[in-house]
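# Structure at a glance
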Amino acid sequence: MRLKRFAPLLGFVLLAGLLYKGLSIDPTALPAARVGQPFPSFTQLELTSGREITEQSLSPGPALVNVWATWCYSCRLEHPYLLALAARGVPIFGLNYKDDSVKAREWLLQLGDPYRLNVADEQGLVGLDLGVYGAPETYVIGADGHIKHRHVGILDEGVFDRDFVKYFPDMGVSGSVGAAAGDS
Amino acid sequence: MRRLALLVLVSGLFAPAVVWAVIETYQFSSPDLEARYHTLSQELRCPKCQNQNIADSNAPIARDLRVVLYEQLETGASDEEILAYMVARYGEFVRYRPGVDRNTLFLWAAPALLLVAGAGLVVRQARRGGKRAEPLSATEQEEISRLLREQNG
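The rules behind each value
Residues numbered from 1 in each chain as written. Chains lettered and ligands numbered in written order. Predicted model: local features only at pLDDT ≥ 70, side-chain atom pairs only at ≥ 80, totals over all residues. Heavy atoms only, no water. Helix = DSSP H or I, 4+ residues; strand = E, 2+ residues; numbered from the N terminus. Buried < 20%, exposed > 50% of the residue type's maximum accessible area, 1.4 Å probe, protein only. Contact = heavy atoms within 4.5 Å. Areas by Shrake-Rupley, 256 points an atom, 1.4 Å probe, with all protein chains shown as cover. Buried area = accessible area lost by both parts, 1.4 Å probe. Salt bridge = Lys/Arg side-chain N within 4 Å of Asp/Glu carboxyl O. Polar contact = N/O pair within 3.5 Å; in protein donor to acceptor, adjacent residues only side chain to side chain. Nonpolar A, V, L, I, M, F, W, Y, C, P; charged D, E, K, R; others polar. Patch = residues over 30% accessible without salt bridge, like charges linked within 9 Å, V, L, I, M, F, W, Y side chains within 5 Å. Expected span 1.5 Å × (residues − 1). Pairing = 2+ DSSP bridges. Axes fitted to C-alpha atoms, helices over the stretch in contact; angles between N-to-C directions. Phe/Tyr/Trp six-rings, centres within 6.5 Å; stacked < 30°, edge-to-face > 60°. Lys NZ or Arg CZ within 6 Å of the ring centre and 35° of its normal. pLDDT = per-residue confidence, 0-100.

## What about the overall build of chain B?
Looking only at helices and strands, one finds six helices and zero strands in chain B. Its helices and strands taken in sequence order, chain B reads α-α-α-α-α-α from the N to the C terminus. A total of 153 residues make up chain B; the buried ones form 28% of that total. In chain B, of all internal contacts separated by at least 6 residues, the share reaching a separation of at least 24 is 50%. Taken as a whole, chain B presents about 11200 Å² of accessible surface, with 62% of it coming from carbon and sulfur.

## Focus: the overall build of chain A
Regarding its fold elements, chain A presents seven helices and seven strands. For chain A, the N- to C-terminal ordering of α and β elements is α-α-β-β-β-α-β-α-β-α-β-β-α-α. Counting all 184 residues of chain A, 42% fall into the buried class. The contacts of chain A with a sequence gap of at least 6 include a subset with a gap of at least 24, amounting to 69%. Split by element, the accessible area of chain A, about 9800 Å² in all, is 60% carbon and sulfur.

## A few points about the interface of chain A and chain B
Each partner contributes to the interface: chain A provides 17 residues, whereas chain B provides 17 residues. Between chain A and chain B lies a buried interface of about 1300 Å² when both sides are counted; carbon and sulfur atoms form 52% of it. A per-residue breakdown of the area chain A buries against chain B is headed by Leu 30, Leu 128 and Tyr 133 of chain A, which together make up 40% of the total. At the boundary of chain A with chain B, the tally comes to two salt bridges. Between the two partners, chain A and chain B, sit three residue pairs in polar contact (both at pLDDT 80 or more). When residues in the side of chain A that touches chain B are grouped by element, the largest group, four residues, is from helix 5 (residues 125–130) of chain A. Of the residues in the side of chain A that touches chain B, the class split is nine nonpolar, four polar and four charged.

## Considerations on a nonpolar patch on the surface
A cluster of nonpolar residues, Phe 6, Leu 9, Phe 12 and Val 13 of chain A, forms a patch on the protein surface that exposes about 430 Å² of accessible area. Relative accessible area serves as the criterion here: at 55%, Phe 12 of chain A is assigned to the exposed category.

## Regarding helix 3 (residues 73–87) of chain A
Residues and elements named next belong to chain A. The first and last C-alpha atoms of helix 3 sit 23 Å apart over 15 residues, in line with the 21 Å expected at 1.5 Å per residue. Within helix 3 the residues assigned to the buried category are Cys 75, Glu 78, His 79, Tyr 81, Leu 82, Ala 84 and Leu 85. Once helix 3 ends, the next one or two residues include Gly 89, with phi positive near 95°.

## Notes on the sheet that holds strand 6 (residues 137–141) of chain A
All names here are of chain A. Read from one edge of the open sheet, five strands run 5-4-3-6-7, paired in mixed fashion. The sheet is open, and its two borders are formed by strand 5 (118–121) and strand 7 (147–152), each paired with just one other strand. Geometrically, the sheet is characterised by an average inter-axis angle of 15° between neighbouring strands, direction not taken into account. Strand direction decides the pairing type here: strand 6 and strand 7, joined by five bridges, are antiparallel. When the bridges of strand 7 are listed, Thr 138 appears paired with His 151. Packed on one face of the sheet, helix 3 meets strand 3 (63–68), strand 4 (92–97) and strand 6 and runs near 160° to strand 3.

## Structural notes on the side chain of Ser 41 of chain B
Residues and elements named next belong to chain B. Topologically, Ser 41 is positioned in helix 2 (residues 31–43). For Ser 41, a relative accessible area of 1% puts it in the buried group. Residues contacting Ser 41, with those up to four places away along its chain left out, are Asn 53, Ile 54, Ala 55 and Leu 69.

## Overview of the packing of aromatic side chains
Any aromatic ring pair is given by two values, namely how distant the centres are and how the planes are angled relative to each other. By the definition in use, this model includes twelve aromatic pairs over all chains. Consider the rings of Phe 160 of chain A and Phe 168 of chain A, whose centres lie 6.0 Å apart with planes at 25°: the pair is stacked. Judged by its relative accessible area of 6%, Phe 168 of chain A falls in the buried class. Centroid distance Phe 28 of chain B to Tyr 37 of chain B: 5.2 Å. Interplanar angle 55°. Geometry classified as tilted. Each residue in the set Tyr 81, Phe 160, Phe 164 and Phe 168 of chain A is aromatic and connected to the rest through ring pairs, giving one cluster. Sitting over the face of the ring of Phe 93 of chain B, Arg 45 of chain B holds its NZ or CZ atom 4.0 Å from the ring centroid. The ring of Tyr 85 of chain B has Arg 89 of chain B lying over it, and the distance from NZ or CZ to the ring centre is 3.6 Å.

## Quick notes on the confidence of the model for chain B
Residues and elements named next belong to chain B. When pLDDT is averaged along chain B, the result is 83; 81% of the residues meet or exceed 70. Within chain B, helix 1 (residues 2–21) has the poorest average pLDDT of any element, 56, and helix 4 (residues 79–90) the best, 92. Contacts of residues 16–21 to residues separated by more than four positions or lying in other chains number one contact, the stretch itself having pLDDT below 50.

## Notes on the confidence of the model for chain A
Residue and element names in this part refer to chain A. Scored by pLDDT, chain A comes out at a mean of 87, with 92% of its residues at no less than 70. Per-residue pLDDT, averaged within each element of chain A, yields its smallest value for helix 7 (residues 175–183) (44) and its largest for strand 4 (95). Scored below 50 in pLDDT, residues 173–184 makes 14 contacts in the model with residues more than four places away or belonging to other chains.

## A word on unusual backbone geometry
Residues and elements named next belong to chain A. In this model, Ser 59 is joined to Pro 60 through a cis peptide bond whose omega is 5°. Mapped onto the elements of the fold, Pro 60 is located in the loop between strand 2 (52–54) and strand 3. Cis geometry is adopted by the peptide bond preceding Pro 136, which originates at Ala 135 and carries an omega value of 0°.

Below is the structure:
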């Protein structure tokens, strides 16, 4: 009988705990359906050379696949960090998503080109198969061609150190990536 | 009154733009396909703007998914195949009516569980209530009569 009195309090504490946990969950985070699977197969043109490329061209891994577009403002903010990563030797492949290829080539000429190559996905078909719903997004593909990790939003040093660096064991201490960015 | 009229006018200016934006014309080869299109597009969630289905959303990704949906319907894909295609790319998340699995079991069972719990509470309360209703004592009865008299008089 004594215990029963505290039932409302117990209920309140449980509910409060649940809701408090809910506060720290990012509601925009989507389950990455493709993680653990091979990179979806495609045949598209390469953005600058115009030659035909397939998912086989995105190798050797581990490498990043960065989804970007000239219409994407966040991609512009992200770009300097990609240049710094590329300078450190991280292989980055680009997926130019639903973009005008002419504008995209201009962008690379003006802002620098961190990409080994770029998939010119003007229709967004590769993006659709990959489960892309915006830009920028960045994927890690392993040496086996499988998708290891997905990040939605701007890739910066904090995110790279937290979620990405473990896929690039050869890169050494990642703190120096930031230093490289500062130098350039 | 005049202010209200103005409000109606002004909102009228903006409303059509919003409504027209999501209307697209697809030529369906049969009314049945069109009906399935409407059902499925209302059941698929837009990955970008998370509280809208792809039928209501103006996001580019929702438009792309509507095109995919239309094309797959026209090529004869079944509802299951289309949903599997979407789930493979965007996860179970894209379904407003997710399948029953380990993660969603509680979601599906919750209404039944709550109903049972609620019924249990009601039954218990009713039983206890029945025992408690004791007849009023003579003084209480008198008090009530007095109060009623006061109120009416």
